[in-house]
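So you can see what is in the structure, the chains are spelled out below.
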Amino acid sequence: MTQVKSGDKVSIHYTGTLGDGTTFDSSAGRDPLEFTVGEGQIIPGLEKAIPGMTVGDKKVVEVPCAEAYGPVHDEARQTVPRGEIPENIPLDLGTPLQVQTPTGQVVQVTVAEVTPTEVTLDANHPLAGKDLTFDIELVAIG
């Protein structure tokens, strides 16, 4: 059987869960995830588990936060005056928004806290600081 090596295009089915068992993503009911091994297209901790697998192999991969989306960075949270955000922008906790930096870069943020006078926006990835578990199955090489 052919084993996966760096540079191979592969397809996997996966289910990603958090430490409490909550599923955060899955390819169930969708096409498998396709990527080229070794090109950094997926998180490092999952990618390094793929080489050596053969089609039909299944495994459970534990990925620490450092090899997933990294730790939570406090400096990625910013509090802004409520008046600087247009009234038509929804500010429910957890709402994803896009903001533009002074240099013109667009950044994805999440509403983390709202008071009558301030809004705290968080640019950390929603899975930052979390260890992840993936149940994977290699469905194709090439």
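Heads up: the structure comes first, above all this text.
Description of the structure in this document. Computed from a predicted model, the values in this text were never measured in an experiment.

### Quick word on the nonpolar core
The tendency in soluble globular proteins is for nonpolar side chains to be buried as a group.
Argument step 1. Grouped together as the largest cluster of nonpolar side chains are 21 residues, with contacts concentrated most on I12, L46, I50, L132, F134 and I136.
Argument step 2. Listed by contribution, the elements that provide at least two residues to this core are β1 (9–17), β4 (58–63) and β9 (132–141).
Argument step 3. The element best represented in this core is β9, accounting for four residues.
Argument step 4. With residues near it in sequence (within four places) discarded, L132 still touches T17, L18, F24, I43, V61, E62, V63, A68, Y69 and L127.
Argument step 5. Counting eight residues, the second-largest nonpolar core is a separate cluster that includes I85, L91, L97 and V111.

### Some details on the layout of surface pockets
Argument step 1. Considered as a void within the structure, the largest pocket measures approximately 430 Å³ in volume.
Argument step 2. What lines the largest pocket is a set of 18 residues, among which Q78, V80, V99, Q100 and L121 lie closest to the centre.
Argument step 3. If you list the elements that add at least two residues to the lining of the largest pocket, you get β5 (77–81), β6 (96–100), β7 (106–114) and β8 (118–122).
Argument step 4. When residues in the lining of the largest pocket are grouped by element, the largest group, four residues, is from β6.
Argument step 5. For the lining of the largest pocket, a count of residues per class yields twelve nonpolar, four polar and two charged.
Argument step 6. Here the second largest pocket defines a volume of roughly 190 Å³.
Argument step 7. Lining of the second largest pocket is provided by Y14, F24, D25, L33, Q41, I42, I43, L46, Y69, L127, L132 and F134.
Argument step 8. Contributing elements (two or more residues each) for the lining of the second largest pocket: β2 (23–26) and β9.

The rules behind these values
- Residues numbered from 1 in each chain as written.
- Predicted model: local features only at pLDDT ≥ 70, side-chain atom pairs only at ≥ 80, totals over all residues.
- Heavy atoms only, no water.
- Core = buried A, V, L, I, M, F, W, Y, C linked by side-chain atoms within 4.5 Å.
- Buried < 20%, exposed > 50% of the residue type's maximum accessible area, 1.4 Å probe, protein only.
- Helix = DSSP H or I, 4+ residues; strand = E, 2+ residues; numbered from the N terminus.
- Contact = heavy atoms within 4.5 Å.
- 1 Å grid on protein atoms, 1.4 Å probe; cavity = no way out; pocket = protein on both sides within 12 Å on 5 of 7 lines; lining within 4 Å.
- Points joined across faces, edges and corners; volume = space filled by probe spheres on them.
- Nonpolar A, V, L, I, M, F, W, Y, C, P; charged D, E, K, R; others polar.

Purely geometric stuff here, so don't read any function into it on its own.
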